[in-house]
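# Descriptive analysis of the structure
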Amino acid sequence: MGSVLSTRAKIWWAVITVVVLVGSLFPVVSIFMTSFKGPSDINSGTFLPPRWSTDNYEQILATGGSAQELFLSALRNSIGISLIATVIAVVLATLCAYAIARLNFPGKRLILTTALGVSIFPVVSIVTPLFNLWRNIGLYDTWIGLIIPYLSLTLPISIWTLAAFFRQIPWELEQAAQVDGATPWQAFRKAIVPLAAPGVFTTALIAFFIAWNDFVYGISLTSTSAARPVPAALAFFTGASYFEEPTGAISAAAVVVTIPVVVLVVLFQRQIVSGLTQGAVKG
Amino acid sequence: MNAGPPAEPAPRGRHAAPPTASEDAPTRRGATTRAESRAGTGTDPRGAPDAAAKAARSDRARAEARLGWYLAGPAFVVMLAVTLYPILQAVYDSLFNYKLTAPDDRAFVGLNNYLVILSDPVWWKALWVTLLITVITVAIELVLGFALALVMHRAIKRLRGLLRTAILVPYGIITVVSAFAWFYAFDITSGYVNHWFDWVPGIGPDLNWFAQQGTSLFVIIASEVWKTTPFISLLLLAGLAQVPGDLEEAAKVDGATAWQRFTRVIVPNMKAAIMVAVLFRALDAFRIFDNVFIMTNGANGTEVLSLLAYRTSIGQLQIGMGSAISVLLFLCVVLICFVAIKLFKVDLAGARGEK
């Protein structure tokens, strides 16, 4: 493959690749570097830390670290709430998308249009009434109080992504399997499930990213470490109890919550791209 | 919509006809069952089959419809519950003078909240800033996203994975984290940008990026562009993949330059994908919140509509006024959608892989 390219083309591709890599990764590297600057170097004005220090990580991770309780509870909340919202959304969306791809029934278009409408809904427009309602019925600052509104983020995209995946599944395979003597259930399980599983997994990944990224609900519907997720906790890390701005601690926390995402992206980039764009079979 | 016009003249004898390879399964199914249900209701002008077959068919259609709603219903109900209900509540609350700091003084004021907001320069300024951010980010992202999409489209296999991974990193990262990264880089105390670029006129060690509107907006827009360009470029990449390769080939044979092929063949063939990408990004940018909150919290003329709504309702606990802003924000989004669909004839469903 590479041998077909001329030397000039090779150089071009090398340059382009480097530009794209630097552009995409620079802010991440930047905050990574900041996270390793010690308290005295945080305002050094340099990109690289003058001395590499792990103080910031000790602050948020080590037992007795001054921001450890705050950070770890936020991490727990974020993982728990996002996972539950993802699972609920993917289960509901799988049933829904299966019906849309497979069955003919009045109202299909209505469901897809609703999903589209929900996904363009301004989160801030939902949050005001929820804030008031949650306070009245006791869901303010609870996990459920975030899981429910997160469904407005995760459900529409799950339905669209899965509907696109399911449309591309050659459903005749099922009939073919039945012709070959499989029971309907066997045919479904052996022929369809293996084709559908990657789409469901990818959808879950995308939905999880979206829930994990939420900020508006996180800062509006929580007030304590009982339910406050990571993005909101980062924004409300205050320097009140320290002598300096919490720049280092925030950077370290940001790096810790970014690493898993980067790993997932590296492992599943192909699936994520096909999930965001077309569907399983073509991808 | 997936059955579409081609399914209309479905002949009754189609069951016997073998499926053509080019047709995909769901479409064919849709065509079959839609015609059946039409026959079942007796409105099919092209002659009805005999009564027994009619009954059997409509039974099947009804069973299929029931199953469809059993499966899709829960998701539909949840979607309505998490959005329709809150927005109706917001419409209701917006008609009251209702502050949580004085909950007993709640009084019906009709549309007064809306009048107050729409006659307040704060609203118009926030709207203007929001529109400015939206237009600039979408314009930059469209160009960058297209460039990235073309790069990924053309890249040799070995590079493709690497490039894809790299551009997906911003997509996966929490917006708040990206906002902090950009903020710390430009911040006057912890940043290095001033030191790196002090050779540029106007940039020096004492430039406080977040003290003025222009420079604040520059950093906010830069972080927004960095974070969301992957999304637009992936949508455009999907659009590129749908451009028929033989058309491009033919243009090449006819001697078209690369630019001509791009403007005459590629772009017209992926117009729908471009429109959808732009619309989605515009709606997204219009709702911008996280970066502004982290970097300036609305100071120095960077307040956007979402932030205004948030500060009014959750910050100042003015539920009535905040709800009115929420409703207005919602109406803005609806208006943008409406204009885009009418003006550009965007077929959202079609370009999202619906056909």
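The rules behind each value
- Residues numbered from 1 in each chain as written.
- Chains lettered and ligands numbered in written order.
- Predicted model: local features only at pLDDT ≥ 70, side-chain atom pairs only at ≥ 80, totals over all residues.
- Heavy atoms only, no water.
- Helix = DSSP H or I, 4+ residues; strand = E, 2+ residues; numbered from the N terminus.
- Buried < 20%, exposed > 50% of the residue type's maximum accessible area, 1.4 Å probe, protein only.
- Contact = heavy atoms within 4.5 Å.
- Areas by Shrake-Rupley, 256 points an atom, 1.4 Å probe, with all protein chains shown as cover.
- Lys, Arg positive; Asp, Glu negative; His and termini not counted.
- Charge placed at Lys NZ, Arg CZ, Asp CG, Glu CD.
- Axes fitted to C-alpha atoms, helices over the stretch in contact; angles between N-to-C directions.
- Parallel < 35°, antiparallel > 145°, perpendicular 65-115°, else oblique.
- Left-handed = near helix turned anticlockwise from the far one by under 90°.
- Nonpolar A, V, L, I, M, F, W, Y, C, P; charged D, E, K, R; others polar.
- Expected span 1.5 Å × (residues − 1).
- Bend = angle between axes of the 7 residues up to and from the residue.
- UniProt positions renumbered as here; feature names shortened; annotations may be inferred.
- Buried area = accessible area lost by both parts, 1.4 Å probe.
- Salt bridge = Lys/Arg side-chain N within 4 Å of Asp/Glu carboxyl O.
- Domains from an automatic or database assignment.
- Phe/Tyr/Trp six-rings, centres within 6.5 Å; stacked < 30°, edge-to-face > 60°.
- pLDDT = per-residue confidence, 0-100.
- Polar contact = N/O pair within 3.5 Å; in protein donor to acceptor, adjacent residues only side chain to side chain.
- Arc of directions from axis to C-beta.

This next bit is on the overall build of chain A. For chain A, the helix and strand inventory stands at eleven helices and zero strands. With the principal axes as the frame, chain A shows a C-alpha extent of 75 × 70 × 35 Å. Looking at chain A residue by residue over its 283 residues, the buried ones come to 55%. Sequence separation of at least 24 residues holds for 67% of the intrachain contacts in chain A that already meet a minimum separation of 6. Only carbon and sulfur atoms are counted for the fraction: they give 68% of the accessible area of chain A, which is about 11,700 Å². Within chain A, the 11 negative side-chain charges are centred at a point lying 15 Å from the centre of the 15 positive side-chain charges.

To continue, consider the overall build of chain B. Tallying secondary structure elements over chain B gives 15 helices and two strands in all. Once local pairs closer than 6 in sequence are excluded, the contacts in chain B between residues at least 24 apart make up 67%. Carbon together with sulfur atoms contributes 65% to the accessible area of chain B, which is approximately 16,500 Å² in total.

Further remarks concern the packing of helix 8 (residues 213–241) of chain B against helix 11 (residues 271–286) of chain B. Residue and element names in this part refer to chain B. Interhelical geometry of helix 8 versus helix 11 gives an angle of 160° and a closest axis separation of 9 Å. It follows that helix 8 is roughly antiparallel to helix 11 by the angle criterion. Seen from above, helix 8 lies across helix 11 with right-handed handedness. In contact with E224, T228, F231, I232, L235, L236 and G239 of helix 8, helix 11 contributes A273, I274, A277, F280, R281 and A285. Partitioned by chemical class, the residues of the contact of helix 8 with helix 11 number nine nonpolar, two polar and two charged.

Here we take up helix 5 (residues 123–137) of chain A. Look at helix 5 of chain A: 21 Å from first C-alpha to last across 15 residues, which is about the 21 Å you get at 1.5 Å a residue. The largest bend in helix 5 of chain A amounts to roughly 30° and is located at L130(A). Within helix 5 of chain A, eleven of the 15 residues are buried, which leaves it mostly tucked inside the rest of the structure. The complete set of buried residues in helix 5 of chain A reads V123(A), V124(A), S125(A), I126(A), V127(A), T128(A), P129(A), L130(A), F131(A), N132(A) and W134(A). Those residues of helix 5 of chain A that are buried are in contact with helix 6 (143–167) and helix 9 (216–220) of chain A together with helix 2 (51–93), helix 13 (305–315) and helix 14 (319–344) of chain B.

All names here are of chain A. With numbering aligned to this structure, UniProt lists the feature "transmembrane region" (unreviewed entry) at residues 12–33, 79–101, 110–131, 143–166, 191–212 and 249–268. In this annotation, residues 79–101 is assigned 100% helix and 0% strand; the end-to-end C-alpha distance for the span is 31 Å. Helix makes up 86% of residues 110–131 and strand 0%. Its end C-alpha atoms lie 29 Å apart.

If you look at the interface, chain B gives 101 residues, while chain A gives 99 residues. Both sides together, the interface formed by chain B and chain A hides about 8,800 Å², and carbon and sulfur atoms give 74% of it. Its largest share of buried area at the contact with chain A, chain B owes to M79(B), I174(B) and Y192(B), together 7% of the area lost on that side. Seen at the junction of chain B and chain A, the total is zero salt bridges.

Another point: the UniProt feature "domain: ABC transmembrane type-1" (unreviewed entry) in chain B. When the UniProt feature table is mapped to this numbering, "domain: ABC transmembrane type-1" (unreviewed entry) covers residues 127–340 of chain B. Along residues 127–340 of chain B, the helical share is 77% and the strand share 0%, with 18 Å between the first and last C-alpha atoms.

Take the domain arrangement of chain B next. Residue and element names in this part refer to chain B. You can read the domains of chain B as domain 1 (88–119 + 317–346) and domain 2 (131–315). For domain 1 and domain 2, the distance between their C-alpha centroids amounts to 30 Å. On the domain 2 side, the residues contacting the 15 residues of domain 1 number 13 residues. Buried area between domain 1 and domain 2, both sides added, is near 1,300 Å², and the carbon and sulfur share of it is 85%.

Right, let's get into the packing of aromatic side chains. Evaluation of the coordinates by the stated rule reveals 38 aromatic pairs over all chains. Relative to Y192(B), the ring of F26(A) lies with its centre 6.4 Å away and its plane at 75°, an arrangement referred to as edge-to-face. Separated into two different chains, F26(A) in helix 1 (residues 7–35) and Y192(B) in the loop between helix 6 (175–186) and helix 7 (193–196) make up a pair that spans both. Looking at F26(A), the relative accessible area reads 28%, which means it is partly exposed. Judged by centre distance (6.0 Å) and plane angle (90°), the ring pair of Y98(A) and F188(A) falls under edge-to-face. Placement of Y98(A) in helix 3 (residues 68–102) and of F188(A) in helix 8 (residues 184–213) is noted, with a sequence separation of 90 residues between them.

With that out of the way, let us pick up the pattern of salt bridges. Overall, the coordinates contain ten salt bridges over all chains when judged by the stated rule. R51(A) is the partner of D41(A) in a salt bridge, and the nearest nitrogen-oxygen pair spans 3.0 Å. In this pair, D41(A) sits in the loop between helix 1 and helix 2 (55–61) while R51(A) sits in the loop between helix 1 and helix 2, placing the two residues ten residues apart along the sequence. E248(B) is the partner of R154(B) in a salt bridge, and the nearest nitrogen-oxygen pair spans 3.2 Å.

With that settled, the discussion passes to the confidence of the model for chain A. On average, residues of chain A score 86 in pLDDT, and 94% of them reach the 70 mark or higher. Ranking the elements of chain A by mean pLDDT puts helix 7 (residues 172–179) of chain A last with 84 and helix 9 of chain A first with 93.

Quick look at the UniProt feature "transmembrane region" (unreviewed entry) in chain B now. All names here are of chain B. The sites that UniProt annotates as "transmembrane region" (unreviewed entry) are residues 67–88, 126–150, 162–185 and 319–344. Measuring from the first to the last C-alpha atom of residues 162–185 gives 26 Å, for a span that is 92% helix and 0% strand. Annotated as 100% helix and 0% strand, the span residues 319–344 places its first and last C-alpha atoms 37 Å apart.

Attention now moves to the side chain of T302(B). All names here are of chain B. Along the polypeptide, T302 turns up in the loop between helix 12 (290–295) and helix 13. Engagement of the side chain of T302 in a polar contact is seen with the backbone oxygen of A299, the distance being 2.7 Å. Setting aside chain neighbours within four positions, we find T302 in contact with V129, Q213, S216, L217, I220, V292 and T296.

This brings us to helix 10 (residues 258–269) of chain B. All names here are of chain B. In a regular helix each residue adds 1.5 Å, so twelve residues correspond to 16 Å; helix 10 covers 15 Å between its end C-alpha atoms and thus fits that length. Looking at helix 10, one finds that the buried residues are R261, F262, V265 and I266. The buried residues of helix 10 all sit within an arc of 130° when viewed along its axis, so they share a single face. With respect to the buried face of helix 10, the exposed residues turned more than 90 degrees away are W259 and R264. On its buried side, helix 10 packs onto helix 4 (121–154), helix 8 and helix 9 (245–253).

With that out of the way, let us pick up the confidence of the model for chain B. Residue and element names in this part refer to chain B. Mean pLDDT over chain B works out to 80, with 83% of the residues at or above the 70 mark. Looking across chain B, the model is least confident in helix 1 (residues 25–41), with a mean pLDDT of 41, and most confident in helix 6, with 93. Confidence over residues 1–47 falls short of pLDDT 50; this stretch has 53 contacts with residues more than four positions distant or in other chains. Long-range and interchain partners of residues 350–355, a stretch whose pLDDT sits below 50, account for 15 contacts in this model, where long-range means more than four residues apart. As a predicted assembly, this complex carries a pTM of 0.84 together with an ipTM value of 0.90.

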